[in-house]
Amino acid sequence: MSKKVGIMQPYFVPYIGYWQLLNAVDEYVIYDDVNFIKGGWINRNRILVNGNPTYFNIPMLGASSFKLINEIGVNQDEKLIKKNLKTIEEAYKKAPYFKVVYPMIEKILKCEKDNLAEYIAYSTKIICLYLDINTKIHMSSELKKDNSLKGQDKVIAICKELGATDYYNAIGGQELYSYEDFEANGINLNFVKTNEITYKQYNNEFIPFLSIIDVMMFNSKEEVKQMLTEFTLINNETKERCLWKK
């Protein structure tokens, strides 16, 4: 019996490609016990503000690239939470699905979890619930594995622990992994490449790869669920496989 597994660092309300990967696998691992990357996408993303892509962040405590992601705290200052909510409200209050999506974002930003990894995992599960993504989610820190392993070796070890026959990764990971090494361990390596996805963002020129917040504000739940299937699966056998359908 086949089992598809995906492993990615926790990212805060990321772009549509992340959700495509999460939806495509049977089990998904939030890679929370690796080093935090400053200036990356772990604690921040971009939304559309006055027609421009604009960063917004989870305010953090004790952030350092010398710490693991699950060792970093979240600043629960009410003023900062209200500021983020006000930014999102002002940006999207005229969007067609604001009344549906905003309460969900409010619930996410008011999450009382003080740990960054747990906070992001909570936001991921809330959005999965809305989009009917039923993939089983694990935290990597809770899995039995050899933590002395690094990079690809550690990923393969996690796949083996979960009994994976197929490993799915975002297209950006092509330089990090070897088809041959995965095959030697009885695992098929696959990459998810997001197809060109566009939608109306008010009357502005379309800006791609914004947060899933932007996608959900301008598209119905059913439209977003359709977008989850709009990718190409690349692997060693086919290199280019037709549009995947679950």
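Residues numbered from 1 in each chain as written. Predicted model: local features only at pLDDT ≥ 70, side-chain atom pairs only at ≥ 80, totals over all residues. Heavy atoms only, no water.

(A) How the structure looks around helix 5 (residues 151–161). Buried residues of helix 5: Gln-152, Lys-154, Val-155, Ile-156, Ile-158 and Cys-159, and no others. In this fold, the buried residues of helix 5 make contact with strand 1 (4–8), strand 2 (27–30), strand 8 (166–170) and helix 6 (179–184). Directly after helix 5, the chain includes Gly-163, whose backbone phi takes a positive value near 70°. (Buried < 20%, exposed > 50% of the residue type's maximum accessible area, 1.4 Å probe, protein only. Helix = DSSP H or I, 4+ residues; strand = E, 2+ residues; numbered from the N terminus. Contact = heavy atoms within 4.5 Å.)

(B) Representation of the sheet that holds strand 1 in the model. With mixed pairing, the 6 strands of this open sheet are ordered in space as 7-2-1-8-9-10. At either margin of the open sheet sits one strand with a lone partner, and together these are strand 7 (136–139) and strand 10 (231–235). Across the sheet, the axes of successive neighbouring strands diverge by a mean angle of 30°, strand direction being ignored. Here 5 bridges tie strand 9 (residues 188–194) to strand 10, and the two strands are oriented antiparallel to one another. Each residue of the ladder has a partner; that of Phe-191, found in strand 10, is Ile-234. Contacts from helix 1 (residues 16–24) reach strand 1, strand 2, strand 8, strand 9 and strand 10 within the one sheet, and its direction differs from that of strand 9 by about 145°. (Pairing = 2+ DSSP bridges. Axes fitted to C-alpha atoms, helices over the stretch in contact; angles between N-to-C directions.)

(C) Here's a closer look at the packing of aromatic side chains. Enumeration according to the criterion identifies 16 aromatic pairs in this entry. On the basis of an interplanar angle of 70° and a centroid distance of 5.7 Å, the ring pair of Tyr-92 and Phe-218 is categorised as edge-to-face. Of this pair, Tyr-92 sits in helix 2 (residues 78–92) while Phe-218 sits in helix 7 (residues 212–218), placing them 126 residues apart in sequence. By the burial criterion, Tyr-92 is buried, and Phe-218 matches it. Members of the aromatic cluster, connected to one another through ring pairs, are Tyr-92, Tyr-199, Tyr-202, Phe-206 and Phe-218. The ring of Trp-41 carries Arg-44 above its face, with NZ or CZ at 5.9 Å from the centroid. (Phe/Tyr/Trp six-rings, centres within 6.5 Å; stacked < 30°, edge-to-face > 60°. Lys NZ or Arg CZ within 6 Å of the ring centre and 35° of its normal.)

(D) Molecular detail of the packing of helix 1 against helix 4 (residues 116–130). Remark: helix 1 packs on helix 4, axes separated minimally by 12 Å, with the N-to-C direction vectors making an angle of 75°. With respect to helix 4, the element helix 1 is oriented roughly perpendicular. Mapping the contact onto sequence places Tyr-18, Trp-19 and Leu-22 in helix 1 and Thr-124, Ile-127 and Cys-128 in helix 4. Across the contact of helix 1 with helix 4, the residue classes tally to 5 nonpolar, 1 polar and no charged. (Parallel < 35°, antiparallel > 145°, perpendicular 65-115°, else oblique. Nonpolar A, V, L, I, M, F, W, Y, C, P; charged D, E, K, R; others polar.)

(E) Spotlight on the pattern of salt bridges. Taken as a whole and assessed by the stated rule, the structure comprises 8 salt bridges. With its nearest N and O atoms 3.5 Å apart, the salt bridge here joins Lys-86 to Glu-90. Residue Lys-86 and its partner Glu-90 are both found in helix 2; the two are separated by 4 residues, about one turn of the helix. Looking at Lys-86, the relative accessible area reads 45%, which means it is partly exposed. The partly exposed category is assigned to Glu-90, whose relative accessible area is 42%. Its salt-bridge partner being Lys-110, residue Glu-106 comes within 3.3 Å of it at the nearest N-O pair. (Salt bridge = Lys/Arg side-chain N within 4 Å of Asp/Glu carboxyl O.)

(F) Expanded view of the environment of Pro-208. With respect to the element layout, Pro-208 can be found in the loop between strand 9 and helix 7. Sequence separation between Pro-208 and Ile-197 is 11 residues; the distance between their C-alpha atoms is 7.6 Å.

(G) Inspection of a negative patch on the surface at higher detail. Taken together, the side chains of Asp-153, Glu-180, Asp-181, Glu-183 and Glu-237 define an acidic patch exposed on the protein surface. Per-element accounting of the negative patch gives the leading share, 3 residues, to helix 6. (Patch = residues over 30% accessible without salt bridge, like charges linked within 9 Å, V, L, I, M, F, W, Y side chains within 5 Å. Areas by Shrake-Rupley, 256 points an atom, 1.4 Å probe, with all protein chains shown as cover. Lys, Arg positive; Asp, Glu negative; His and termini not counted. Charge placed at Lys NZ, Arg CZ, Asp CG, Glu CD.)

(H) Representation of unusual backbone geometry in the model. Of note, Tyr-202 is a non-glycine position whose phi angle comes to about 55°, a positive value. Inspection of the secondary structure assignment puts Tyr-202 in the loop between strand 9 and helix 7. A residue is classified by how much of its surface remains accessible, and Tyr-202, at 26% relative accessible area, is partly exposed. The residue Phe-209 is not glycine, and still its phi comes out positive at about 65°.

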